[in-house]
Each structure stands twice: as C-alpha cells, then as structure tokens.
Amino acid sequence: MPREKIKCITSIGGQALIEGIMMRGPKKTVLAVRQPDGEITLEELPAKDPRTRHPLLKLPFLRGVAAFVDSIAVGYRALSRSAEISGMEEVEEGEESKFDKWLNDKFGDQITNIVMTIGTVFGILLAIALFYILPTWLFNLIPGAAGPDFAVWRSPVEGVDENGDPSRVHDGDFADEGHPPPVPVPRSGA
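Residues numbered from 1 in each chain as written. Predicted model: local features only at pLDDT ≥ 70, side-chain atom pairs only at ≥ 80, totals over all residues. Heavy atoms only, no water.

Caption draft 1: Examining unusual backbone geometry more closely. Look at Glu 19: it is not a glycine, yet its phi comes out positive at around 55°. Structurally, Glu 19 can be placed in the loop between strand E1 (13–17) and strand E2 (20–24). (Helix = DSSP H or I, 4+ residues; strand = E, 2+ residues; numbered from the N terminus.)

Given below as structure tokens:
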C-alpha cells in the first residue's frame, strides 16, 4: 500500500545573525551563536506576542502592523545578543572624538537604540518611496509620450516595477493566499 503524502505546514522561521542563526516558532525563539572560542551557545529569547496582550491588535490591519513591528524588534534583539555572544562588541577603547563624547554625554547607553530606531524609520521610508511612490511616478511620466491608450498597462507595469519579476505581476508571494493549486492539463498527440 503506497504511503500517503501528507502536506506539512510549519510556522517556523529564521534569521541569520552574527556568527549564528535565530529560529522562531509560535512558542519559542532560540539563538545558536558561535563564541570566540568556537563553542556554540544556545539561548532562548523570551517570547512576547503583542497580539495576545492587546485584543485590539487582533483586528485585520492592526494585526499585520503588530506582527511587522514585533518581527523587527525580535530580530534586533537577537542580532544585538549575537553580537555580544560572538565577541563583536569587544572593541578596543581608543580616543573618542568630540562628537562621540557629546553623544555619550547627551544620550548615554541609549544611543544605540536611538540610532537603530532612526535607521529603521529611514529604511521603511526608503522602501515606501522605492516600491510605491517611484513606480507610480514613473508611470505617470509615460502617458504624455505614449498617448492615452497606454493607461491599460498601468497595473502590469507598476507590478513588474514593484516585484521585479514579470511572472509575479498578479500572483501572491505565498501559496496560501487563496490561489488554487495548479491543475495539470493533459496533452494530446505526439
């Protein structure tokens, strides 16, 4: 009797770290990081899903935003912890510049968090500009040269620009987004 094929769906993801990896599941987040002496350290990060603490974050739009912010926060914590474990933060103390002294005097130990927050905000703004504003702006430049019949091509052109792959213009990024599975079509002849 042939063995049945069972479709296994997993909700485990991961992220590369400095000298290691983070694996995240629904209940645990674990780091595996190589120490300077070559030994691998396993460490579990506390899992705090914001959607379980605040019922309002279970609403459709807010749920996605909360998951995104939580992923960034957990990834940052894991990356920072891996830098500590791997010895990346053991830098020789040298002469501080005037700007470094001013930053340390004003912000103290919080300077790393402030810089990471500013970098994250700039990264999100850059992504919005590159993948939403730029495609629309570029397409709006074309109709003057191509004429009014070119408007039919708006969605495909913006989709290719956003995805970078013409085969993904209208497809979802994930198989479970409501698209039916492909149906094999029998070929006749030859």
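Caption draft 2: A look at the nonpolar core. Listed in full, the 8 residues of the largest apolar core are Leu 17, Met 22, Leu 31, Val 33, Leu 45, Val 74, Ala 78 and Ile 85. Of all the secondary-structure elements, those providing two or more residues to this core are strand E3 (29–34) and helix H2 (60–86). Those residues in contact with Leu 31 that sit more than four places away from it in its chain are Leu 17, Ile 21, Met 22, Thr 41, Leu 42, Glu 43, Leu 45, Ala 78 and Arg 81. (Core = buried A, V, L, I, M, F, W, Y, C linked by side-chain atoms within 4.5 Å. Buried < 20%, exposed > 50% of the residue type's maximum accessible area, 1.4 Å probe, protein only. Contact = heavy atoms within 4.5 Å.)

Caption draft 3: Region of interest: the packing of aromatic side chains. Under the defined criterion, the tally for this structure stands at 2 aromatic pairs. With a centroid separation of 6.2 Å and 20° between ring planes, the pair formed by Phe 99 and Trp 102 is classed as stacked. One end of the pair, Phe 99, and the other, Trp 102, are both in helix H3 (residues 98–107), 3 residues apart, so they sit about a helical turn from each other. Among the residues examined, Phe 99 registers a relative accessible area of 53% and is labelled exposed. Note on Trp 102 and Phe 107: the rings are 6.2 Å apart at their centroids and 90° apart in plane angle, and the pair reads as edge-to-face. An aromatic cluster is built from Phe 99, Trp 102 and Phe 107, whose rings are joined through pairwise contacts. (Phe/Tyr/Trp six-rings, centres within 6.5 Å; stacked < 30°, edge-to-face > 60°.)

Caption draft 4: Examining the pairing of E2 more closely. Examined bridge by bridge, E1 and E2 share 5 bridges and lie antiparallel to one another. Across the sheet, residue Gly 13 finds its bridge partner in E2, namely Arg 24. Between E1 and E2, which pair antiparallel in sequence order, lie 2 residues; one of them, Glu 19, sits at a positive phi of approximately 55°. Examined bridge by bridge, E2 and E3 share 5 bridges and lie antiparallel to one another. Across the sheet, residue Gly 20 finds its bridge partner in E3, namely Val 33. In this structure, the hairpin formed by E2 and E3 is closed by a connection of 4 residues. (Pairing = 2+ DSSP bridges.)

Caption draft 5: Region of the structure containing the confidence of the model for the protein chain. On average, the protein chain scores 77 in pLDDT, and the residues at 70 or more come to 72%. When mean pLDDT is taken per element in the protein chain, E3 scores highest with 94 and helix H6 (residues 154–163) scores lowest with 62. Here residues 165–176 is a poorly scored stretch, pLDDT under 50, and it has 14 contacts once near neighbours within four places are set aside; other chains count. (pLDDT = per-residue confidence, 0-100.)

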